[in-house]
Amino acid sequence: MGSSATSPQAGHHGSGTRRDFLYLAAGGFGAVGAGAALWPFIHSMNPAADVLALASTEVDLKPIQAGQRITVTWRGKPVFIDNRTADQIKAARDVAATELPDPQTDQKRVKAGKDQWLVVLGVCTHLGCVPLGQKTGESKGEYGGWFCPCHGSHYDTSGRIRKGPAPKNLEVPEFTFVNDTLIRIG
Amino acid sequence: MAKDNAFFNNPTVKWIEHRLPIFSFVDHSLGSQYPTPRNLNYWWNFGSLAGFMLVVMILSGVFLAMNYTPHVDHAFNSVERVMRDVNYGWLIRYIHMNGASMFFIVVYIHIFRGLYFGSYKPPREILWWLGIVILLLMMATAFMGYVLPWGQMSFWGATVITNLFSAIPLVGDKIVTLLWGGFSVDNATLNRFFALHYLLPFVIAGVVVLHIWALHVHGSNNPLGIDTRGPQDTIPFHPYYTIKDAFGLAVFMIIFAFVVFFAPNFFGEPDNYIPANPMVTPAHIVPEWYFLPFYAILRSITFNILFIDAKLGGVLAMFGSILILFLLPWLDTSRVRSGLFRPIFQVFYWIFFVVCLLLGWVGGQAADATVMGIPLLRIGQFCTFWYFFHFVAILPLLGWFERPRPLPISISQPVLGGGRVAAGAAAKPMEKA
Amino acid sequence: MLRMRELVLAGAVALGLAAPAMAAETLKPPAQSWSFEGLFGTYDRGALQRGYQVYKEVCAACHAMSQIRFRDLGGGSGAAHSPLVGLGYTDDEVKAIAAEYKVMDGPNDDGEMFERTARPADRFKAPFANEKAARSANNGAYPVDLSLIVEARKHGADYIYALLTGYKEPPASVKLGEGMHYNAWFPGFQIAMGAPLSDDRVTYGDGTKATVSQMAKDVSVFLAWASEPNLEQRKALGIKVILFLVILAGLLYAAKRKVWADIH
C-alpha cells in the first residue's frame, strides 16, 4: 500500500532515497517498539513471584514404612515417594538399561546411599494422567511399578516406562536430602 | 490507482483478494482509496487516538482479568498480587488504570473539536449520535471498572451511583435491589460488574465500527466546515493521515508513558488503597475526575421543581446533560458548520468550555465548600443553568441573530471571499489526485 | 491567533484537571526530601533496613503488614540478584529473619493445626488474630494495616513523617477524649495511638543515632517501599520507554514532513 502513495514523487531521486530511509527507520523503530511492548503482557502469563516462592516443599520420610508409597503435592502435581524393598530395587537393577525405551539406570534415578527412596512425579509422560499403583489394591502394571489407565502405559519399580505409549520415564524432580529423614523437593 | 501498484499485483495478495477482498477493504477504509479533506488540523488526530486507547484498554484489561478474582474477599488482594507478584503486573495495571483517564481526555477533546467545528450538523447527525452512545457506554464501563479493586472509593462510588436509580418514582428501590442483586453493594454486585465490565468494551468496539461506517458515508468534516467539492479538495488517507496520526500517536504516548511511569497515582484517590469497608464512608467521596462535571450537575439541584423532588431532579439533570447532546443537531440552528466563521458563537463556545471546567472543579470540592465567601453550590448551580442555557437558548438563537463571516468557496481555495490566490493554490493538488 | 488561544486553553484544561487534586485540603504536611522522589529516584537501602527495624521493634506490636512477605525483603541472590527490589538482604539473611517467627500451618495428617518456623514465602505475622481482637486490645481503636499506608494517605510519606513527629501538648482550647493524644497532623487532631517513638527507642546496627526524627524518616521510607516495592523498576523502565518514544516521535515527525512536503 505504501508504494501507491509514494509513486507520484518517484522522479525525485535524491530526496526519494532520504525519504525511503526515513520511512524504514520510523517503521523499523515502531515495529521494534510494538514488539517490545508485547513482552510485558506475555511475561505476565509466566509463573508469578508468589507461585515461584512456593515452588519447594519439604517431606518428612520417617512415617513411611518399607514397601509403602505416599503421594504429596508439589507445584499442584502429585509426587510419588516410594520406600522400596530390597526385592523391588533388585528388580529395577536386574534389567539392562540399554534395552529400555528410555534408557536410564536405576542408580541415576535415586540418591547414592539412599537407594530405597524413589521420588518421581506422578504424571504419565504420555498425556499427563496420574498412574495407578499408589494405593494397595490398585494395579501396579506388569512390572510392579505403576500403570496408567488412560492409555495403558506400564512403569517399573524405578518409574521407568516399560510398555505402552508413554515415551519417557516418570520424571524425577529436583530434590535434596536435608537430613536422613527429610527431603526438600524443588 | 491502488489496483495497478506492486502490492495488489503480488500473486498471494491477488489470490486472497479474489476470495476475501480484505486488502482493498482496508485500502478503502483507511488507505489510499479513502479521500480525506486536505486541510484537517491536529485536532482531528483525536479520533484515531481514541481508537488506539480502546485497543490498549481491551488488551491490558484481558491480561488483568487473567489475574483478578471477582469476590469481595479476594478482589483487593488479587489486585495487590498483580501489583507485587505478577510479572510486569504493576505496569499492566498502571496502563489500564491511567488508560481510562487518557481515554476520557482524548474523547473529551474529540467531542469539543466536534462542538467547535460543527461536526454534528447534517449530514452527520447519526455519526454524532453513535459518538454519544459510545460516550455513555464508556462511562458505564469506567464506573464498573472502578468498582473492581474493591477499595473504599470503589465500594462507596458503587453505592452512591447505584442509589441514583432509587430516585425513580415507584420502582426506584426495586431497580436498585435488582442492580445490587441483594440489599447492599456486595459480592453479587461485584460479580455482575466484572461480567459487564468485560462485556461492554466489545459492545463499544461494535458501535465504533458503526461510527466509522457512518463517517465514511460523507467523509470527515474539516476545519472550514464546507463540503469537499472534488478531488482537488481531498488527499488520500494513506499516507498523509496515517503518518500524521502515527506522529500524533507517538507524541500522545510520551504523555501517557510519563503518567504511567512517573505519576501513576496522579488521577487516583488514596482512599482506594484502603480495602472496602461497608461500615465507614470516607470523609471526601468524589468520583473519578472524568465524572466530576456531571457530579456537580447532580449536586446542584437542591430544590424541588414543581412535582419533581430535588433527588430526582438532580438525577434527571445529570442524565439530561448528556442526553441533550442527542438533540444538538437541531438545537444549533446555524447553517454554518465551522465555528471559525461564527464570531459570536466562538465567544459562547469558550464560555461554555470554561463552564464545563468550572463544573468539573466544583464537582471535586466538598459539598459545603466556599471560595471567597461564595458557596460553591451557587457556582455549580449557575454553571448547571448555563450548561443547559447554552444548548436550549444560545445555540438556537445564535442561528437567527448571528451574521457569519463569508465562507470560502472551496477547501483548496481557502482565501475568504476572494479568488485571487485560489487558482494557483488549487492547481497543485489536482496533479496529485 | 486561534493557535495561541488553543494553547492557552489547553493549559487551562491541564490546570482544571490538577485543581481537584489540590483542593479539599485542610492540612498539608511540610514536604520532606525523599531519595525516592524524582525521575531517577531510588530507595536508600540503609534507610530501608533501619526503617524495617523500627517497624519490627516498635510498630509491629500493634500494626499488621499483611501484604508483605519475608521474601519481599530480599533481592534474590547470585545471578538472579536484582538491586532494584527488596531491602538489600541476601536470601540467607531473609531466611534467618523469617526463622525468628512461628506461623500457624496445617491441618496436618491428623487434622490438627500446628506451629512451624516461618519461611520466606510467609506473610509478615499479624499481631492480632482479627480486627475485633485488635480493637479489644487497643481500647476500641483499630491499628490499621500498614502495607499500603503511604499510597492510602494524601501526601504519603510526608504525612507519615509529620504524624510520627507531630505529637504535642494540646492547646488549651482542645479537650482531649479519654485515652486520646494530641497530634498536629492527624485529621481531627485526636489520635488513639500514643507517641510511638522516643529517642533511642531502637538501637541501630549501623551506628546511626536513633533520634525521633531519624526513626520517623526511616520508617516512612520503609513504608513507602512497602506500598510500592516496584517503584525503582518502574522509574528505570520509564526513562527507557520515554527516550525511545521521543526518538520515534522525532523520526515520525521527519517522515510526516517529507510526506506532506508537496501539500503545503
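This text follows the structure it describes.
Since the structure is predicted, the reported quantities are computational estimates derived from the model, not experimental observations.

Participant: Which residues make up the overall build of chain B, and what are the values?
Facilitator: Helix and strand counts for chain B stand at 17 helices and four strands. Against the 2.2 N^0.38 benchmark of 22 Å for 433 residues, chain B shows a C-alpha radius of gyration of 24 Å, consistent with a compact globule. Dimensions of chain B along its principal axes, counting C-alpha atoms only, are 75 × 60 × 40 Å. For chain B, the residues scored as buried account for 56% of the 433 residues in total. A sequence separation of at least 24 residues applies to 79% of the contacts in chain B between residues at least 6 apart. Total accessible area on chain B is roughly 19,500 Å²; 72% of this is exposed by carbon and sulfur atoms. Counting 25 positive and 20 negative side-chain charges, chain B places the averaged centre of each group 10 Å from the other.

Participant: Can you explain unusual backbone geometry? Please cite residues and give values.
Facilitator: Residues and elements named next belong to chain B. Residue Pro239 is reached from His238 by a cis peptide bond, and omega for that bond is 10°. A positive phi is found at Trp150, a non-glycine position, where the angle reads about 60°. Inspection of the secondary structure puts Trp150 in the loop between α7 (125-147) and α8 (152-163). Owing to a relative accessible area of 6%, Trp150 belongs among the buried residues under this scheme.

Participant: Which residues make up the interface of chain C and chain B, and what values do they have?
Facilitator: Put simply, an interface is often sized by how much accessible area is lost when its parts join up. Of the residues lining the interface, 49 residues belong to chain C; the matching set on chain B comes to 54 residues. Across the chain C to chain B interface the summed buried area is about 4,500 Å²; carbon plus sulfur atoms make up 71%. Its largest share of buried area at the contact with chain B, chain C owes to C:Arg234, C:Trp260 and C:Ile263, together 13% of the area lost on that side. Counting every contact that joins chain C to chain B gives two salt bridges. Between B:Asp85 and C:Arg71 there is a salt bridge, and its shortest N-O distance comes to 3.2 Å. The element that contributes the greatest number of residues to the side of chain C that touches chain B is helix α7 (residues 231-260) of chain C, accounting for 17 residues. When the residues that make up the side of chain C that touches chain B are grouped by side-chain class, the tally is 29 nonpolar, seven polar and 13 charged.

Participant: Before we move on, can you summarise the interface of chain C and chain A with the specific residues and values?
Facilitator: Across the boundary between the two partners, chain C contributes 12 residues, which contact 15 residues of chain A. Of the roughly 1,200 Å² buried between chain C and chain A, counting both surfaces, carbon and sulfur atoms make up 77%. If you sort the residues of chain C by the area they bury against chain A, C:Phe244, C:Leu251 and C:Lys258 come out on top, with a joint share of 43%. Across the chain C-chain A interface, the total number found is zero salt bridges.

Participant: Now, about the state of the cysteines: what can you tell me, with residues and values included?
Facilitator: Scanning the model with the defined rule gives one disulfide over all chains in all. Across the disulfide, A:Cys129 is cross-linked to A:Cys150 (sulfur-sulfur distance 2.1 Å). When the S-S torsion is -105°, as for the bridge of A:Cys129 with A:Cys150, the disulfide is left-handed. On the criterion of sequence distance, the pair formed by A:Cys129 in the loop between β4 (117-121) and β5 (144-148) and A:Cys150 in the loop between β5 and β6 (153-156) is long-range, its members being 21 residues apart. A disulfide-free cysteine, A:Cys148 has its sulfur positioned 3.8 Å from the sulfur of A:Cys124, the nearest such atom. Free cysteine: B:Cys383, not disulfide-bonded; nearest cysteine sulfur from B:Cys356 at 8.8 Å. By relative accessible area, B:Cys383 is classed as buried at 1%.

Participant: Outline the sheet that holds strand β7 (residues 161-163) of chain A, listing residues and values.
Facilitator: All names here are of chain A. Across the sheet, which stays open at both edges, the three strands sit in the order β5-β6-β7 with antiparallel pairing between neighbours. Only two strands of the sheet have a single partner each, and these edge strands are β5 and β7. The sheet shows a mean angle of 35° between the axes of neighbouring strands, direction not considered. Bridge count between β6 and β7: two bridges; the pairing is antiparallel. Looking across to β7, one finds that His154 is bridged to Lys163.

Reading the values: the criteria
Residues numbered from 1 in each chain as written. Chains lettered and ligands numbered in written order. Predicted model: local features only at pLDDT ≥ 70, side-chain atom pairs only at ≥ 80, totals over all residues. Heavy atoms only, no water. Helix = DSSP H or I, 4+ residues; strand = E, 2+ residues; numbered from the N terminus. Rg over C-alpha atoms; globule rule 2.2 N^0.38 Å. Buried < 20%, exposed > 50% of the residue type's maximum accessible area, 1.4 Å probe, protein only. Contact = heavy atoms within 4.5 Å. Areas by Shrake-Rupley, 256 points an atom, 1.4 Å probe, with all protein chains shown as cover. Lys, Arg positive; Asp, Glu negative; His and termini not counted. Charge placed at Lys NZ, Arg CZ, Asp CG, Glu CD. Buried area = accessible area lost by both parts, 1.4 Å probe. Salt bridge = Lys/Arg side-chain N within 4 Å of Asp/Glu carboxyl O. Nonpolar A, V, L, I, M, F, W, Y, C, P; charged D, E, K, R; others polar. Disulfide = S-S within 2.5 Å. Pairing = 2+ DSSP bridges. Axes fitted to C-alpha atoms, helices over the stretch in contact; angles between N-to-C directions.

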